[in-house]
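Structure assessment
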Amino acid sequence: MTVSRRGLLAATAAVPGLMRVQDAQAQGIAPRRGGTLTTMLTPEPPVLQIGVNNQGPTLVIASKMFQSLLSFTPALEPIPVLAKSWTISPDGKEYVFTLQEGVKFHDGQPMTAEDVIFSIMKFHTELAPRARAVFALIESATAPDPLTVRIVLKQPFQPFLLMFDASACAIVPKHLFDGQDYRTAPAVQRPVGTGPFRFAEWQRGNFVRLERFADYWKPGQPYLDAIIYRVVPDSQSRRLAIETGQAQLTQANDIEPFDVPALRAKPNLEVNVKGWEYFSPVSWIELNHRVKPLDDMRVRQAISMAIDRNFIAQRLWFGVGKPATNPVASTTRFHDAGAKVAAYDVRAANALLDAAGHKANAQGVRFTLKHLVLPYGEIWSRLGEYLKQAFRQVGIALELESTDAGSWARRVGAWEYETTINFVYQFGDPTLGVERTYVSTNIQKVTFTNTGGYSNPKVDELFATARGSADPKDRQAAFSAVQKILCEEVPQIWLMEMAFPTIHDKKLRNVITTGLGVHTSFDDVFLTA
Amino acid sequence: MEVSKLLGFLLRRGVKAAVVVLAIVVCNFLLVHAAPGDPASVIAGQSGAADAVFLEQLRRQFGLDQPLHVQLWIYVKSVLSLDLGFSHRQQQAVSLLVLERLPATLLLTGAAFVFAVTLGVTLGALAAQRVGKWADSLITVVALTFYATPLFWVGLMLVLVFSVWLEWLPSFGMSSVGADLHGLAVVWDVAQHLLLPALTLGLFYLAVYARLTRATMLEVADQDFVKTARAKGVPEGRILRSHILRNALLPVITFAGIQAGQLLGGSILVETVFAWPGIGRLAFEALLARDYPVLLGVFFCTSVMVVLFNLVTDLLYAIIDPRVEVAG
Amino acid sequence: MSLLSVEGLTVALPPGGDRADAIEDVSFSVDAGEILCVVGESGSGKSITANAVMGLLPKGLPVRAGAIAFEGTDLLRLGAEPMRKLRGQRLAMIFQEPMTALNPLMRVGDQIAEVLQVHGAAADAARRVPELLAAVNLPDPAAIARSHPFRLSGGQRQRVMIAMALALEPALLIADEPTTALDVTTQMQILRLIREIQSRRGMGVLFITHDFGVVAEIADRVAVMQHGRIVEQGPAAEVLNAPQHPYTRGLIAAVPHGAAPERAAITGEEVLRVTDIAKTYRRGGIFGAKAVVRAVHDADFTLKRGETLGLVGESGSGKSTLARCVVKLVTPEQGEIAYDGTNLRLLSRAAWKPYRQRIQMIFQDPYASLNPRRTVGDTIAEGPVTHGTPRAEALGRARELLRLVQLDAGAMDRYPHEFSGGQRQRIGIARALAMRPDLLIADEPVSALDVSVQAQVLALLAEIKARLGLTMLFITHDLRVAAQICDRVAVMQRGAIVEQGPTRQVFSAPQHAYTRQLLDSIPGRGWTPPQL
Amino acid sequence: MPAFTVKDFWRRYRRNKGAVVGLVVLLLVMLMAATAPWLFPGSPWDMASAPFLPPGEMGMLLGTDSLGRDVAAGIAHGARISLLVGAVSTAAALLVGVTLGAIAGYLGGFADDAIMRFTEFFQTIPSFVLAILLVAIFTPSIGSVVFAIAVVSWPPVARVVRAEFLSLRGREFVQAAEVLGKSRVSIVLTDILPNALSPIVVLSSLMVATAILLESALSFLGLGDPNLMTWGFLIGSGRSVIRLAWWMSVFPGIAIFLTVLALNLVGEGLSDALNPRLARQRGGAA
């Protein structure tokens, strides 16, 4: 399986987005120009410039204004966006992208290879940690002509193309940023991209309004006149808004899982949990290995066996998302279905703990652990309460600590916790999104590194092999081996392959067409009459 | 009250208020910075990816690499020159952020305040007039009910009834976005959005005012000068209006002055339930994101408002009650 | 036909009161051009009578029987609206407390104008208000009319009240203790004013008072009330000089005699010497304008063992402040308070403590001077216990003291609210005596008491003083009381002692103009209560 | 200010029917709190049945919540914490408020000025915002919630106590105590404080009510102690599913409402019974 061939294949084939429109047309529904999409946003993003801020809500809005070279199908195949086509050298080190013609920024300036190179080499490299790590591998980036970008890597890096989604490497106008402090440049307040919608108005605390970009490079598109993102901090108000038709779309965290069944039952609404394949967040109980007895593998295994993941998926998330079996999500490349954590078995868990020498006291308590509840919404509090009960069954008293986002991030970053919940985007490839949590070289006092402090030289070695190899087969072998080890040693207790419900009015079409779901440009989204 | 006296009073009170506000600024600064976590770690925690360089960059940019007393000194200096600082998180001047949100809060709290005071005083007066009769009992029971019910609960119930079941009023927001309204239509639109939150916020205080007015009216009605008025043959209605009510309003005004400032705090809950884009929520979100300059800006703003309200109250009091010298 | 004729008026008390009716079978009449004084002690029902005539009885007090005929109309059968129209127009009333009887938020002129407005004479207001204010001898009527009540003195306010009452030239003026809250000099002015206006206009006046001096000063006829009944009525001269009813006789006997008896000069050694004391009150903060009140200055006096010195003066003259300086309830800025040669002013709180046993104080208000949450026994024993006397012994002494002040020993375990005003004052005296003091400071000890009780307490004080050989500093505003009890008096005015000397000498040959003014203002000074 | 015997007091209190009802409700709530471990053995966090059971189904009197926990058990156990939070934070606020108010009112002068400026300062910051800030700083736990509520509730106490002390300080019986040579501490504790108790008692009953409301508001914003079952927590977790399971927030809402109402009624009854002016009025005799 080579990416280059698939990429070329995709490039020469029809664009999937358009295919969907054609599907619609085949059903007798012509894309209709006009109409304003009102949707919501939780929480309100601080700025709308990708790179300066890469939080979820920022990505949702900014992906309408900014584009990158590629996008990805649910199976994570690349789809051409600003890159019309591309080739990859057989040694996996040289990438040549041919850009779309006639692409203009919202300020009317044409987008050229210079903008692409600036975005990669300067803008994102400086601003974004994720880009910085990968783009450090680039030896040179040149523009033989205004519509061609040639990138040479120092070493092969097979997941390289996955970095060219708008969420990772949005193409920004060089002429508005070059020579300035990127974070404070005026363009940050009035974002200028190449996307189908341009920034119109932002009343903080109230709404963000995007309007149709008339000079968009796809003729006739986008179909919508405007998109309004309303800031609605209360989940019940959001549910009301979608129910009463005040909004036509909800995404990400907008709707709490327990509201999903009721909304599924609404005839005018469609509930979709697809569109998160690129991110594929996996949630887990994050254990701090520095805290005894969490350094004991048997204890971790016992805890893992004490958790009823089906209960969590069904009762807490109401079927949005599914139980995790493995550190690599089933939607991420190189997932090995053969590697599985031990099944839910309270008796075995108790036996394991007995064997590990943790005797229960008179109250039936073996030991006490603290749990820092993830402060990202009520559902995580419910999860904490469930875990408290589940741990109790195996004689572990779990003491909940609630906190706010500020304290949570600091404490996890400073390793000042015993257990907590975390969920992490996988970005399509274990090298990009899984490795960082388990390799000992990434034990740092920063969130989203190996904050748990797990260390296994064999695991380090396997991840390194997979990272450096250009051959997917070798990578698969290494990843399979590492998944087996991790399932055995359970450095973290994986809970769910998460998904988020995208709920929209049935009149709204083409909402989820790629593996990025609502984080795409919406240039083919339309409202039927 | 002569003009020179008034000016002197304003000057004295101004100086005093400035000292109080400055003390609050310093205290808030220390309090806010005592909270664990900083904006950089929050951003890192929410970006899905971070590294040490990233954190270091952010902290340097936010000025968090300086010692705390230096940060405090810089902040106090800038506040003294009426510069509330810059939110690096939102890439906006704090004064802009706060001013952008302030009108919404003022509208909400103002409407709730006016509603609570006018209706509360009216009901309280009515109850006092009919003390012991069924109207009094009814008003007392209603007032107690609102007084004892959690604010957010009232909000939820109102939404359930008026937005969900009856579908009369919008359930959240301050205006219909994108409806492209002009002139009076805008006012009407905002008024519709305003009704439920203002009612929610106002009902509690309505109860307070009703009870307070009733109690003070009964107290005043007992006083000698009311008897004097009766002995003069003044009709009961006039006694109520120009003798009892006027005197009973004094404690109501005092209370209103204190409470107007607290209203800003109470609006956080209502702003959350109704997605009202005001400074209460701005502060709450800023707190969660450790956006110190914004949080401090809101605190500064609210304490200035409270001080202003107190000043207005004192002036009003001095106008109504000649006994009060505006001596500070 | 009388202007006002009350026949068999009975007003019920709510159930649970100490008697069934507030007033019972009250009959009297007032003619035009006549002043009828209704006199009686507190609780005798005199105010209720007045309020019944005005139709201003509180809801809880219904009229049970009787008739009130005013100019031939039965007021009790009159509807609310016609009654209202009568009030202020034909019937007017003034009250005891000029401080609270005016609306604090309304200009004085407006309050007077209101009477005219509500009775359909609004057009006259602008002209009449200054006229009325002038008629009650207020200076600069226009300025007064623009003032708020708080700007006026008590006397001025009472004049305003009278002006308001007279606005529509009523036929009957009801005055409910109109001078009780005023200083003697002001009281005399107001009494004269009422008398003068009444005779000029031929009004009928129903004058309620508890003070026989006032009665003697102003009354044409007198009705004496006790426990809600009129026990005696008749022409003033008759009732005052030849009272028939035992109650009236008792009351009149209790009135202090204005004349000071001849007393032997006290020759004991000097106990207390107060020199060069100054106490100044400052108001206003750092930013506020300062107001300075010189409460005491130039008030030197000495006190010999066994002597009673009376400090007399009107309210605000500084006599209480001076007394409080002596016991360090107030700390003067300068001066010397030499007690047995020690300057008390300079002593610390701890160093003062031993002197607390030797200098004690009796307070004015029998209701406020006892801790309501403490039994009488504890109250009396508290002082000795504080100074180290064993509790049992202190309680034993308290029991004795109760007997001394003529209270039952059963009072020990009861609380102050179960006692009458006079009884409480006795408890206060017992508390002071429990310390076995040799200097007693009595701050208006009888001014809050009814006249009969007042006489008893004064007699008790005199007896105890004589028995225990106490030295006493006696503060009073009532010159008749001072005359009766003091060996020497010192007259205070605006913080300074303007004259002092043996009581008889000061009373018979006052040197200072102010002293003369005070003496002239004693109500009923022309009347010598008969020896009964 | 007259002192009352207990009998006297009860006679006056009884006259206010609402206050009697309030007292009965309050006693019932206390009884429920006291007997919760017997009424609903085990932890209120236990999943007792299927989630989202409406009231009455499968033996669940008040229904179950999103994890199948018994709402009735939650309310009974929550009563303990809500009352505890109310009582402890009020006690703490009283301690601070009474101490500061007493010092300010009794000593006057500079101490008074300094304390009152300090109090004003606290009253200038909107109290709810301050409470949120404090809970966030000290991380949400029962301790920090109680602390935050106490910090924002003491200023009114200090003001009331100061006013009382200021007025009582000048009373003659206090001066009498002074003249007897009693120490300052003894005067404050035995002469002034007992006579200032009435308004303090009335105020505390209302403060307990306010504290319960504040705790629920903090929980509503997700700032409650995650280990403790409180009414605030119940509503906080129930409000987002209010349309799916109305009983989850309605019943704890009613519990708060009734308790707060009862406390208010009791407060009013106390105020009537302890206020000599009112008592006199109702007594009738002029």
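Residues numbered from 1 in each chain as written. Chains lettered and ligands numbered in written order. Predicted model: local features only at pLDDT ≥ 70, side-chain atom pairs only at ≥ 80, totals over all residues. Heavy atoms only, no water.

Our working rule: UniProt positions are given in the numbering used here, feature names are shortened, and annotations may be inferred rather than shown by experiment.
As named in an unreviewed UniProt entry, chain C is ABC transporter ATP-binding protein, taken from Paeniroseomonas aquatica. The Subcellular location (unreviewed entry) field of the UniProt record for chain C holds the comment "Cell inner membrane". Taken directly from UniProt, the Sequence similarities (unreviewed entry) text for chain C runs: "Belongs to the ABC transporter superfamily."

A look at the overall build of chain D
To be explicit about the condition: Think of it this way: any DSSP run of H or I at least four residues long counts as a helix, any run of E at least two long counts as a strand, and we number them from the N terminus. Any pair of residues with heavy atoms lying within 4.5 Å of one another is described as a contacting pair. Where accessible areas are quoted, they stem from the Shrake-Rupley method and a 1.4 Å probe; at the residue level, only the protein chains shown are allowed to cover. Only four residue types enter the tally: Lys and Arg on the positive side, Asp and Glu on the negative side; His and the chain ends are excluded. For the purpose of locating charges, the reference atoms are NZ of Lys, CZ of Arg, CG of Asp and CD of Glu.
The helix and strand inventory of chain D stands at 11 helices and zero strands. Mapped in sequence order, the helices and strands of chain D form the string α-α-α-α-α-α-α-α-α-α-α. Sequence-distant contacts in chain D: of pairs separated by 6 or more residues, those separated by 24 or more amount to 70%. Summing over all exposed atoms, chain D offers an accessible surface of approximately 10,300 Å²; the carbon and sulfur share of this is 71%. A gap of 9 Å separates the mean positions of the 20 positive and 16 negative side-chain charges of chain D.

A closer look at the confidence of the model for chain D
Residues and elements named next belong to chain D. The criterion, for reference: Per-residue confidence from the prediction method is given by pLDDT, with values spanning 0 to 100.
The pLDDT averaged across chain D works out to 83; a share of 94% of its residues lies at or above 70. For chain D, per-element mean pLDDT is lowest for helix H11 (residues 276-283), which scores 41, and highest for helix H3 (residues 71-107), which scores 91. Predicted confidence is poor over residues 277-286, with pLDDT under 50, and the contacts of this stretch with residues over four places away or in other chains come to 13 contacts. We note a pTM of 0.80 for the whole complex and an ipTM of 0.77 for its interfaces.

Quick word on the sheet that holds strand S15 (residues 367-372) of chain A
Residues and elements named next belong to chain A. Operational definition: Two strands form a pair only when DSSP identifies at least two bridges running between them. Axis geometry follows a simple rule: fit a line to the C-alpha atoms, using only the stretch in contact for helices, then measure angles between N-to-C directions, giving values from 0 to 180 degrees.
Ordered in space as S14-S18-S13-S17-S15-S16, the six strands form an open sheet in which the pairing is mixed. In the strand order of this sheet, the two ends are held by strand S14 (322-323) and strand S16 (396-401), each with one partner. With two bridges joining them, S15 and strand S17 (residues 419-424) adopt parallel strand pairing. Paired with His371 across the strands is Thr419, a residue of S17. Across the sheet, helix H11 (residues 297-306) touches strand S13 (282-287), S15, S16 and strand S18 (493-497), and the angle it forms with S18 is around 30°.

Topic: the pattern of salt bridges
All names here are of chain C. Heads up, the rule is: The working definition used for a salt bridge is a side-chain nitrogen of Lys or Arg within 4 Å of a carboxyl oxygen of Asp or Glu. The buried label goes to any residue with under 20% of its type's maximum accessible area, the exposed label to any with over 50%, and the partly exposed label to all in between, with areas taken from a 1.4 Å probe on protein chains only.
Applying the stated criterion across every chain yields a total of 63 salt bridges over all chains. Residue Glu34 pairs with Arg221 through a salt bridge whose shortest N-O separation is 2.6 Å. Taken together, the positions of Glu34 in the loop between strand S2 (21-30) and strand S3 (35-40) and Arg221 in strand S9 (residues 221-226) put the pair 187 residues apart, joining distant regions of the chain. By relative accessible area, which is 10% here, Glu34 ends up buried. In this structure, Lys279 engages Glu333 in a salt bridge whose closest nitrogen and oxygen atoms are separated by 3.6 Å. Residue Lys279 is located in strand S11 (residues 270-283), and its partner Glu333 is located in the loop between helix H11 (319-326) and strand S15 (334-339); the two are separated by 54 residues in the primary sequence. Exposure remark for Glu333: the relative accessible area of 39% places this residue in the partly exposed category.

So, the packing of H3 of chain D against helix H4 (residues 109-124) of chain D
Residues and elements named next belong to chain D. Quick reminder of the rule: The sense of a crossing depends on the near helix, which, turned anticlockwise from the far helix by less than a right angle, makes the crossing left-handed and, turned clockwise, makes it right-handed. For this classification, Asp, Glu, Lys and Arg are treated as charged, while Ala, Val, Leu, Ile, Met, Phe, Trp, Tyr, Cys and Pro are nonpolar and the rest, including Gly, are polar.
For the pair H3 and H4, interaxial distance at closest approach is 7 Å and the crossing angle is 145°. In this structure, H3 crosses over H4, and the sense of that crossing is left-handed. Between H3, through Leu100, Ile103, Ala104 and Leu107, and H4, the contact on the second element is made entirely by Gly109, Ala111, Asp112, Ile115, Met116 and Phe118. The class makeup of the residues in the contact of H3 with H4 is eight nonpolar, one polar and one charged.

Notes on the pairing of strand S17 (residues 359-362) of chain C
Residues and elements named next belong to chain C. Residues Ile359 and Met361 line one face of S17 and the alternating positions Gln360 and Ile362 line the opposite face, and both faces are buried. Where S17 lies against strand S18 (residues 439-443), four bridges are found, and the strand directions are parallel. Residue Ile359 lies in a different strand from S18, and its bridge partner there is Leu439.

Re helix H4 (residues 125-135) of chain C
Residue and element names in this part refer to chain C. The line we're drawing: The arc under discussion is defined with respect to the helix axis, by the directions toward the C-beta atoms.
Along H4, the residues classified as buried are Ala125, Arg128, Val129, Leu132 and Leu133. Burial along H4 is one-sided: seen end-on, the buried residues are contained in an arc of 130°. In this structure, the buried side of H4 is in contact with helix H3 (108-118), helix H5 (141-146) and helix H6 (154-166). Just downstream of H4, Asn137 is the residue with a positive phi angle, here 60°.

A few points about the sheet that holds strand S6 (residues 138-145) of chain A
Residues and elements named next belong to chain A. Taken in spatial order, the four strands line up as S4-S5-S7-S6 in an open sheet, and their pairing is antiparallel. Either end of the sheet is taken by a strand with one partner, and the two such strands are strand S4 (83-88) and S6. Averaged over all adjacent pairs, the angle separating strand axes in this sheet is 15°, with direction ignored. As judged from the five bridges shared by S6 and strand S7 (residues 148-153), these two strands associate in the antiparallel manner.

Remarks on the layout of surface pockets
What counts is decided by this rule: Only protein atoms enter the 1 Å grid used here, on which a cavity is any set of points holding a 1.4 Å probe that cannot leave and a pocket is any open set flanked by protein within 12 Å on both sides along at least five of seven lines; residues with an atom within 4 Å of a point are listed as lining. Grid points are joined across faces, edges and corners, and a volume is the space filled by probe spheres set on the points.
Volume-wise, the second largest pocket comes out at about 1,000 Å³. Lining the second largest pocket we find 31 residues, and of these Leu329 and Thr331 of chain C together with Tyr106, Leu107 and Arg169 of chain D sit closest to its centre. Top contributing element to the lining of the second largest pocket by residue count: S11 of chain C, with five residues. Of the residues belonging to the lining of the second largest pocket, the class tally is nine nonpolar, nine polar and 13 charged.

Here we look at the packing of aromatic side chains
Working definition: an aromatic ring pair is given by the centre-to-centre distance plus the angle between the planes. All names here are of chain A. Stated precisely, the cut-off is as follows: Here the aromatic set is Phe, Tyr and Trp, taking the six-membered ring for Trp, and pairing holds for ring centres within 6.5 Å; pairs whose planes are under 30 degrees apart are stacked, those over 60 apart are edge-to-face, and all others are tilted. Whether a charge sits over a ring comes down to the Lys NZ or Arg CZ being within 6 Å of the ring centre and within 35 degrees of the ring normal.
Counted under the stated rule, the structure contains 44 aromatic pairs over all chains. On the numbers, 6.4 Å between centres and 85° between planes, the contact of Phe177 with Tyr182 is edge-to-face. Measuring from centroid to centroid gives 5.2 Å for Tyr278 and Phe279, while their planes differ by 80°, and the two rings are edge-to-face. Each member of the aromatic cluster is reached from another via a ring pair, and the members are Phe72, Trp276, Tyr278, Phe279, Tyr425, Phe427 and Phe500. Here Arg204 stacks its cationic end above the ring of Trp202, 4.0 Å away from the centre of that ring.

A word on the environment of Leu462 of chain A
Residues and elements named next belong to chain A. Positionally, Leu462 belongs in helix H18 (residues 457-468). On the basis of relative accessibility, which here comes to 10%, the residue Leu462 falls in the buried class. Between the C-alpha atom of Leu462 and that of Asp115, which follows or precedes it by 347 residues, the distance is 37 Å. Residues contacting Leu462, with those up to four places away along its chain left out, are Ala478, Ala481, Val482 and Ile485.

Focus on the environment of Leu106 of chain B
All names here are of chain B. Residue placement: Leu106 occurs in helix H5 (residues 94-129). Taking the C-alpha atoms as reference, Leu106 lies 8.3 Å from Leu264; in sequence the two are 158 residues apart. Among all residues touching Leu106, those that are not within four sequence positions of it are Ala111 and Met305.

A closer look at the confidence of the model for chain C
Averaged over all residues, the pLDDT of chain C is 86; the fraction at 70 or higher stands at 97%. Overall, residues 284-288 of chain C carries pLDDT values under 50, and its contacts beyond four positions in sequence, including any with other chains, amount to six contacts.

Some words on the interface of chain A and chain D
Inclusion rule: In this description, buried area is defined as the sum, over both parts, of the accessible area (probe of 1.4 Å) that is lost when the two are combined. Within 3.5 Å is the distance limit for a polar contact, defined as a pair of N or O atoms, with the added protein rule that one can donate a hydrogen and the other accept it, and that residues adjacent in sequence qualify only through two side-chain atoms.
Contacts between the two partners involve 26 residues from chain A, matched on the other side by 24 residues from chain D. Both faces considered, chain A and chain D share a buried interface measuring about 2,000 Å² in area, 54% of it formed by carbon and sulfur atoms. Of the charged contacts, one joins Glu385 of chain A and Arg69 of chain D as a salt bridge, the two residues approaching to 2.7 Å between their closest N and O atoms. Put simply, chain A and chain D have five residue pairs in polar contact (both at pLDDT 80 or more) between them. Counting only elements with at least two residues in the side of chain A that touches chain D, the list comes to helix H9 (235-244), helix H12 (309-316), helix H14 (378-393) and S16 of chain A.

Concerning the interface of chain B and chain A
When the parts of a complex come together, some accessible area is lost, and that lost area is often taken as the interface size. Opposite the 46 residues of chain B that make contact, chain A presents 44 residues. For the interface between chain B and chain A, the tally reads one salt bridge. Residue Arg101 of chain B is joined to Glu44 of chain A by a salt bridge in which the shortest nitrogen-to-oxygen separation is 3.9 Å. Our count for the chain B to chain A interface comes out at zero residue pairs in polar contact (both at pLDDT 80 or more). For the side of chain B that touches chain A, the per-class residue count stands at 22 nonpolar, 16 polar and eight charged.

Notes on the arrangement of the chains
Of all five pairs of chains sharing an interface, the pair with the highest contact count is chains A and B. Nothing in chain A touches chain C; the tightest C-alpha to C-alpha distance between them is still 42 Å.

Let's talk about the packing of helix H8 (residues 184-220) of chain D against helix H10 (residues 246-274) of chain D
All names here are of chain D. We apply this condition: Just so you know how the angles are binned, under 35 degrees is roughly parallel, over 145 roughly antiparallel, 65 to 115 roughly perpendicular, and the rest oblique.
Where H8 meets H10, the axes come as close as 8 Å, and the angle between the chain directions of the two elements is 170°. Judged on the interaxial angle alone, H10 and H8 are roughly antiparallel. Residues Ser198, Val201, Val202, Ser205, Leu206, Val208, Ala209, Ile212, Leu213 and Ser216 of H8 form the contact with H10, whose own contacting residues are Ile256, Thr259, Val260, Leu263, Asn264, Gly267, Leu270, Ser271 and Leu274.

Quick word on the domain arrangement of chain C
Residues and elements named next belong to chain C. Put simply, the test is: Segmentation of the chain into domains, including their bounds, is taken from an automatic or database domain assignment.
On domain assignment, one finds that chain C holds domain 1 (1-90 + 172-179 + 204-255), domain 2 (92-167) and domain 3 (270-520). Between the C-alpha centres of domain 1 and domain 2 the distance comes to 26 Å. Listed as interface residues are 16 residues of domain 1 and, on the opposing side, 10 residues of domain 2. Roughly 1,100 Å² is buried in total at the junction of domain 1 and domain 2, and carbon and sulfur atoms are behind 57% of that figure. Looking only at domain 1, the three residues that lose the most surface to domain 2 are Gly88, Leu173 and Pro178, adding up to 36% of its buried area. Where domain 1 meets domain 2, there are zero salt bridges. Between domain 1 and domain 2 we count eight residue pairs in polar contact (both at pLDDT 80 or more) in total. Elements supplying a minimum of two residues to the side of domain 1 that touches domain 2: helix H1 (46-54), helix H2 (80-86) and strand S7 (172-176). Residue contributions to the side of domain 1 that touches domain 2 peak at five residues, all from S7. Its residues assigned to classes, the side of domain 1 that touches domain 2 shows seven nonpolar, three polar and six charged.

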